[in-house]
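# Overview (structure and organization)
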Amino acid sequence: PMYGPIIWKKIIDFEIDEVEDMIEINIPTDEIAAAKNHLFNLYSRKLNVPLIGNDKSLEEAIVLAKELHLDQNSFENEEKRMKMICSDSEEKLQIYMKMEEKVEAALKSADPMEI
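What you are looking at is a predicted structure, and each value in this text was computed from that prediction instead of being measured. (Residues numbered from 1 in each chain as written. Predicted model: local features only at pLDDT ≥ 70, side-chain atom pairs only at ≥ 80, totals over all residues. Heavy atoms only, no water.)

The volume enclosed by the largest pocket comes to roughly 180 Å³. Lining the largest pocket are Pro-5, Lys-9, Ile-12, Asp-13, Tyr-43, Lys-46, Ile-52, Gly-53, Lys-56, Ser-57 and Glu-60. If you list the elements that add at least two residues to the lining of the largest pocket, you get α1 (4–24), α2 (29–48) and α3 (54–67). Counting residues per element, the lining of the largest pocket draws most heavily on α1, which supplies four residues. Its residues assigned to classes, the lining of the largest pocket shows four nonpolar, two polar and five charged. (1 Å grid on protein atoms, 1.4 Å probe; cavity = no way out; pocket = protein on both sides within 12 Å on 5 of 7 lines; lining within 4 Å. Points joined across faces, edges and corners; volume = space filled by probe spheres on them. Helix = DSSP H or I, 4+ residues; strand = E, 2+ residues; numbered from the N terminus. Nonpolar A, V, L, I, M, F, W, Y, C, P; charged D, E, K, R; others polar.)

On the surface, a nonpolar cluster with roughly 390 Å² of combined accessible area is contributed by Tyr-3, Ile-6, Ile-7 and Ile-11. One can find Ile-7 in helix α1. (Patch = residues over 30% accessible without salt bridge, like charges linked within 9 Å, V, L, I, M, F, W, Y side chains within 5 Å. Areas by Shrake-Rupley, 256 points an atom, 1.4 Å probe, with all protein chains shown as cover. Salt bridge = Lys/Arg side-chain N within 4 Å of Asp/Glu carboxyl O.)

Glancing now at the nonpolar core. Core analysis: the largest hydrophobic core is formed by 22 residues, its most contacted members being Ile-12, Leu-39, Phe-40, Tyr-43, Leu-64 and Met-82. Looking at this core, the elements with two or more residues in it are α1, α2, α3 and α4 (72–109). Here this core gets seven residues from one element, more than from any other, and that element is α2. In this structure, Leu-39 is in contact with Ile-12, Glu-15, Ile-16, Val-19, Leu-64 and Leu-68, ignoring residues within four places of it in sequence. (Core = buried A, V, L, I, M, F, W, Y, C linked by side-chain atoms within 4.5 Å. Buried < 20%, exposed > 50% of the residue type's maximum accessible area, 1.4 Å probe, protein only. Contact = heavy atoms within 4.5 Å.)

Running from amino to carboxyl end, α1 crosses α2 at an angle of 165 degrees, the nearest separation of the two axes being 10 Å. Here α1 is positioned roughly antiparallel relative to α2, judged by the angle of their axes. At the point where α1 passes α2, the crossing takes the left-handed sense. The residues of α2 that touch α1, namely those facing Trp-8, Ile-11, Ile-12, Glu-15, Ile-16, Val-19, Met-22 and Ile-23, are Glu-31, Ile-32, Ala-35, Lys-36, His-38, Leu-39, Leu-42, Tyr-43, Arg-45 and Lys-46. Its residues placed into classes, the contact of α1 with α2 shows twelve nonpolar, one polar and five charged. (Axes fitted to C-alpha atoms, helices over the stretch in contact; angles between N-to-C directions. Parallel < 35°, antiparallel > 145°, perpendicular 65-115°, else oblique. Left-handed = near helix turned anticlockwise from the far one by under 90°.)

Following this line, the structure appears as structure tokens:
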């Protein structure tokens, strides 16, 4: 199984719970803002890694940004930034998958010069 997406989900879920707890117990606004920033930086880091399913992660991040009530300007900037990162990541994933297919084909052909 692929553990990368599972590990990222657990980390992000933990951070979401932390932000929600901070909001619930009325932690100072600047600390909540820092925690939200940290959370979206984690999403950005995840989206930058070419993983299958990043499109779903992008959708989750956008919904979460709305739920956490980012102001409109911050929300639009964050959404634009994450979409750009996800797009770059999808391109990388396609390149990696093509390379993997070529390596597998070369290994099957038993011709070491093709690798």
